[in-house]
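A closer look at the structure
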Amino acid sequence: MNLDVKRPYRKNLMSRGLIYMGGEEQEVTIKDLSISGVLAELKPDQTSRDAKDVFNMLSASTTVDLYLPEIRLAGEVEVVRVDMIDDHILLALEFRNVAYDVDNQLYKRKVYRKNMKAPGRILLDGEYREFTTVNVSVDGLMINLAEFIAVKPGDITVFEFEQLGLDGEIKVIWVERSADAGMTVGLEYVHMERTAIKGIPRFAR
């Protein structure tokens, strides 16, 4: 039976990127690309592990982060198949929550930003305010608040973000009013170990 009849067009290419799987960043080569996903091969010198090891890494979740700066793609993908061919490990990855960066900002960013919508609290103007994250990185957060509070870049305050077990001091980097009378704020961690946030890859260039 020909299973390729309904398969989206796939373009062969040899582009490199990074995948965050099992708490580790690993290099991959993209073998082909379609509108629904990619076929990625783990870098050969990382394949001392076998397919069983990869399945164990995916036991907690088959959703992983993918970063392809050459193609300007980044975000979450699901591992739908793992193949072992002649000591090469191939991963079939299906797009779940990815962004195509037409302005090529991926090259300008120091680290990867993971899109994540989750609640937290931040102390502003003497009160704890509820916020929702827009994205999260190992350097900081972008958050939305429902009301505008008079803060300015350089202000340092404290926050709590339960989903990632983060709390402590944070610095306001920029502030923008939103159309719904709220605000969006860019925040940078202060006095935190920024490379060890569980579940958030660094993907630094």
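Quick notes on the rules
Residues numbered from 1 in each chain as written. Predicted model: local features only at pLDDT ≥ 70, side-chain atom pairs only at ≥ 80, totals over all residues. Heavy atoms only, no water. Helix = DSSP H or I, 4+ residues; strand = E, 2+ residues; numbered from the N terminus. Contact = heavy atoms within 4.5 Å. Areas by Shrake-Rupley, 256 points an atom, 1.4 Å probe, with all protein chains shown as cover. Salt bridge = Lys/Arg side-chain N within 4 Å of Asp/Glu carboxyl O. Buried < 20%, exposed > 50% of the residue type's maximum accessible area, 1.4 Å probe, protein only. Pairing = 2+ DSSP bridges. pLDDT = per-residue confidence, 0-100. Phe/Tyr/Trp six-rings, centres within 6.5 Å; stacked < 30°, edge-to-face > 60°. Lys NZ or Arg CZ within 6 Å of the ring centre and 35° of its normal.

A separate point is the overall build of the protein chain. Helix and strand counts for the protein chain come out as 1 helix and 13 strands. When contacts within the protein chain are restricted to residue pairs at least 6 apart in sequence, those whose partners lie at least 24 apart make up 53%. Looking at the protein chain as shown, the accessible area adds up to about 11700 Å², and 48% of this sits on carbon and sulfur atoms.

The next point concerns the pattern of salt bridges. Any two side chains of opposite charge can pair, on the condition that their charged atoms come close. Applying the stated criterion to the full structure yields 12 salt bridges. The closest approach of N and O atoms between Glu41 and Lys31, which form a salt bridge, is 3.4 Å. Placement of Glu41 in strand β3 (residues 37–42) and of Lys31 in strand β2 (residues 24–33) is noted, with a sequence separation of 10 residues between them. A salt bridge links Arg96 to Glu94; the shortest N-O distance between them is 2.7 Å. One network of salt bridges, in which partners are shared, links Asp125, Glu127, Arg129 and Glu147.

The next thing to look at is unusual backbone geometry. Backbone geometry at Asp125 places phi at a positive 55°, although glycine is not the residue there. With respect to the secondary-structure elements, Asp125 resides in the loop between β8 (119–124) and β9 (127–136). The backbone of Ala181 sits at a positive phi, close to 75°, despite the residue not being glycine. Here Ala181 shows up in the loop between β12 (166–177) and β13 (183–189). On the accessibility criterion, Ala181 (53% relative accessible area) is exposed.

Our next topic: the environment of Gly186. Along the polypeptide, Gly186 turns up in strand β13. When the C-alpha positions of Gly186 and Ile173 are compared, they lie 5.3 Å apart, and in sequence the two are 13 residues distant.

For the rest of this paragraph, the subject is the pairing of strand β4 (residues 63–68). Of all the 6 residues making up β4, 5 are buried; the element is thus mostly covered by neighbouring parts of the structure. Here β4 runs beside strand β5 (residues 73–85); their pairing, made up of 6 bridges, is antiparallel. Across the sheet, residue Leu68 finds its bridge partner in β5, namely Leu73. Taken together, β4 and the strand that follows it, β5, pair antiparallel across an intervening segment of 4 residues, in which Arg72 is found at a positive phi of about 65°.

Right, let's get into the confidence of the model for the protein chain. Confidence in the prediction of the protein chain, expressed as mean pLDDT, is 83, and 82% of residues score 70 or more. Confidence, expressed as mean pLDDT per element, reaches its minimum in the protein chain at helix α1 (residues 51–57) with 76 and its maximum at β8 with 96. Note on residues 1–5: pLDDT under 50 across the span, and 0 contacts to partners over four residues away in sequence or across chains.

Let's shift gears to the packing of aromatic side chains. Scanning the model with the defined rule gives 5 aromatic pairs in all. Measuring from ring centre to ring centre gives 6.0 Å for Tyr67 and Tyr112, while their planes differ by 65°; the resulting arrangement is edge-to-face. Taken together, the residues span a long stretch of sequence, with Tyr67 in strand β4 and Tyr112 in the loop between β6 (88–100) and β7 (114–115) at a distance of 45 residues. Judged by relative accessible area, Tyr67 falls into the buried class, the value being 3%. Judged by relative accessible area, Tyr112 falls into the buried class, the value being 3%. Seen from their ring centres, Phe131 and Phe161 are 6.4 Å apart, and the 35° between their planes marks the pair as tilted. With a gap of 30 residues between them, Phe131 in strand β9 and Phe161 in strand β11 (residues 156–161) connect regions that are remote in the sequence. With relative accessibility at 0%, the residue Phe161 sits in the buried group. Among the aromatic residues, those joined into a ring-pair cluster are Tyr67, Tyr112 and Phe203. Against the face of Phe148 rests Arg177, its NZ or CZ located 3.7 Å from the ring centre.

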